[in-house]
Amino acid sequence: MSHEIALVDDDRNILTSVSIALQAEGFVTRVYTDPTVALKAFADKQPDLGVFDIKMPQMDGMELLRRVREFSPMPVIFLTSKDDELDEALGLAMGADDYIAKPFSQRLLVARVRAILRRQELAKGVASSAAPEPEPVLLERGRLVMDPARHKVIWGGKDVTLTVTEFLILEALAQRPGVVKTRNQLLDVAYHDDIYVDDRTIDSHIKRMRRKFRAVDPEFDAIETLYGVGYKFQDE
């Protein structure tokens, strides 16, 4: 089954060119010039991935992502202005899975889309090109329960909604409680080799994860920072 990609940008020329490039690679595209219309459509039928422009007049991409995150962990790529580090940092802190600075090549965008969808499949325990495998066992660490097959996270009996990237980072930490993982090690887990991101990107993902867990448990402190080294998961 073809993956469905939602494109949200007020520039119709970008929408058309990106949509054609993705369709040529076998993707199904849904295009929106109005983020409000896109938001309503996502609530009815969630796409496999979204590509959002940040600078839009009706509702900027960050606000659109914030509202989407209220009901969906779908992966999102931001299109940002060239060298706008503030946009990039804010977008990642809010839970975007990747960003691409304009102007960009269609080949780069397609590569990023494929990489994120591959990570999503891995997080769900699905190998699209292989025969079905037995369902993975649950990963249980104290109050934490992770179900890779269903991309489901539970803390103290309460659901916690994580993005694909956040899930992969948490899984890497929880697999070996007490063992320190450097930022580079976590980047290797969360990002494909053909994608370059700064190692401080991990800090943004960790901060967002902590906020999500503390929303269901204000005392959450299972992810420990070792300054200058990395992070570790503290098993109870």
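The chain carries the name Response regulator transcription factor in an unreviewed UniProt entry, which gives Sphingomonas sediminicola as its organism.

Asker: Give me helix α3 (residues 61-68): which residues, what numbers.
Answerer: For α3, the set of buried residues is Gly61, Met62, Leu64, Leu65 and Val68. Along the long axis of α3, the arc covered by the buried residues comes to 160°, so they all point the same way. Taking the backbone nitrogen of methionine 62 as reference, a side-chain oxygen 3.1 Å away marks aspartate 60 as the first, capping residue of α3.

Asker: Which residues make up the pairing of strand β3 (residues 49-53), and what values go with them?
Answerer: Burial runs high along β3: 5 of the 5 residues are buried. Pairing of strand β1 (residues 4-8) with β3 involves 4 bridges; the strand directions are parallel. Bridging from a neighbouring strand, alanine 6 pairs with glycine 50 of β3. Two strands pair when backbone bridges link them, and β3 and strand β4 (residues 76-80) are joined in this way by 4 bridges, in the parallel orientation. When the sheet's bridge partners are listed, phenylalanine 52 is paired in β4 with phenylalanine 78. Taken together, β3, α3 and β4 constitute a β-α-β crossover, and its handedness is right-handed.

Asker: Could you give an account of the nonpolar core, naming the residues involved and the relevant values?
Answerer: Counting 25 residues, the largest nonpolar core has Leu144, Val153, Leu170, Phe213, Ile223 and Phe233 as the members making the most contacts within it. Counting only elements with at least two residues in this core, the list comes to β7 (144-147), β8 (152-155), α6 (164-175), α7 (183-190), α8 (201-216) and β12 (230-233). The dominant element in this core, judged by the number of residues it contributes, is α6, at 6 residues. Contacts of leucine 144, omitting those with residues within four sequence positions, involve Leu139, Val153, Ile154, Trp155, Leu170, Ala174, Phe213 and Phe233. Counting 20 residues, the second largest nonpolar core, distinct from the first, contains Tyr32, Ile54, Met74 and Ala96.

Asker: I'd like a description of the environment of isoleucine 202, backed by residues and values.
Answerer: Tracing the backbone through its elements, the reader meets isoleucine 202 in helix α8. It is 8.4 Å that separates the C-alpha atoms of isoleucine 202 and isoleucine 169, two residues lying 33 residues apart in sequence. Isoleucine 202 has contacts with Ile169, Arg183, Leu186, Leu187 and Tyr231, leaving out every residue within four places of it along the chain.

Asker: I'd like a rundown of the UniProt feature "modified residue: 4-aspartylphosphate" (unreviewed entry) in the chain, residues and numbers included.
Answerer: In the numbering adopted here, UniProt assigns the feature "modified residue: 4-aspartylphosphate" (unreviewed entry) to Asp53. Its place among the elements puts aspartate 53 in strand β3. Excluding anything up to four places from it in sequence, aspartate 53 contacts Val8, Asp9, Asp10, Gly61, Leu79 and Lys102.

Asker: How would you sum up the pairing of strand β2 (residues 28-32)? Please name residues and give values.
Answerer: With 5 bridges connecting them, β1 and β2 associate as parallel partners. Counted as the bridge partner of glutamate 4 is valine 28 from β2. Handedness of the β1-helix α1 (residues 12-24)-β2 crossover: right-handed.

Asker: Outline the pattern of salt bridges, supporting the account with residue identities and numerical values.
Answerer: Counted according to the given criterion, the structure contains 14 salt bridges. Between arginine 66 and glutamate 70 there is a salt bridge, and its shortest N-O distance comes to 3.2 Å. Note on arginine 66: relative accessible area 40%, which makes it partly exposed. Classification of glutamate 70 by relative accessible area gives exposed; the value is 58%. Salt bridges sharing common partners tie together Glu63, Arg66, Arg67 and Glu70.

Asker: Provide a residue-level description of the packing of aromatic side chains, including the pertinent values.
Answerer: By the definition in use, this model includes 5 aromatic pairs. On the basis of an interplanar angle of 85° and a centroid distance of 5.7 Å, the ring pair of tyrosine 32 and phenylalanine 42 is categorised as edge-to-face. Residue tyrosine 32 is found in strand β2, and its partner phenylalanine 42 is found in helix α2 (residues 35-44); the two are separated by 10 residues along the sequence. As far as burial versus exposure is concerned, tyrosine 32 and phenylalanine 42 are alike and both buried.

About the thresholds
Residues numbered from 1 in each chain as written. Predicted model: local features only at pLDDT ≥ 70, side-chain atom pairs only at ≥ 80, totals over all residues. Heavy atoms only, no water. Buried < 20%, exposed > 50% of the residue type's maximum accessible area, 1.4 Å probe, protein only. Helix = DSSP H or I, 4+ residues; strand = E, 2+ residues; numbered from the N terminus. Arc of directions from axis to C-beta. Polar contact = N/O pair within 3.5 Å; in protein donor to acceptor, adjacent residues only side chain to side chain. Pairing = 2+ DSSP bridges. Right-handed = clockwise from strand over helix to strand, strands pointing away. Core = buried A, V, L, I, M, F, W, Y, C linked by side-chain atoms within 4.5 Å. Contact = heavy atoms within 4.5 Å. UniProt positions renumbered as here; feature names shortened; annotations may be inferred. Salt bridge = Lys/Arg side-chain N within 4 Å of Asp/Glu carboxyl O. Phe/Tyr/Trp six-rings, centres within 6.5 Å; stacked < 30°, edge-to-face > 60°.

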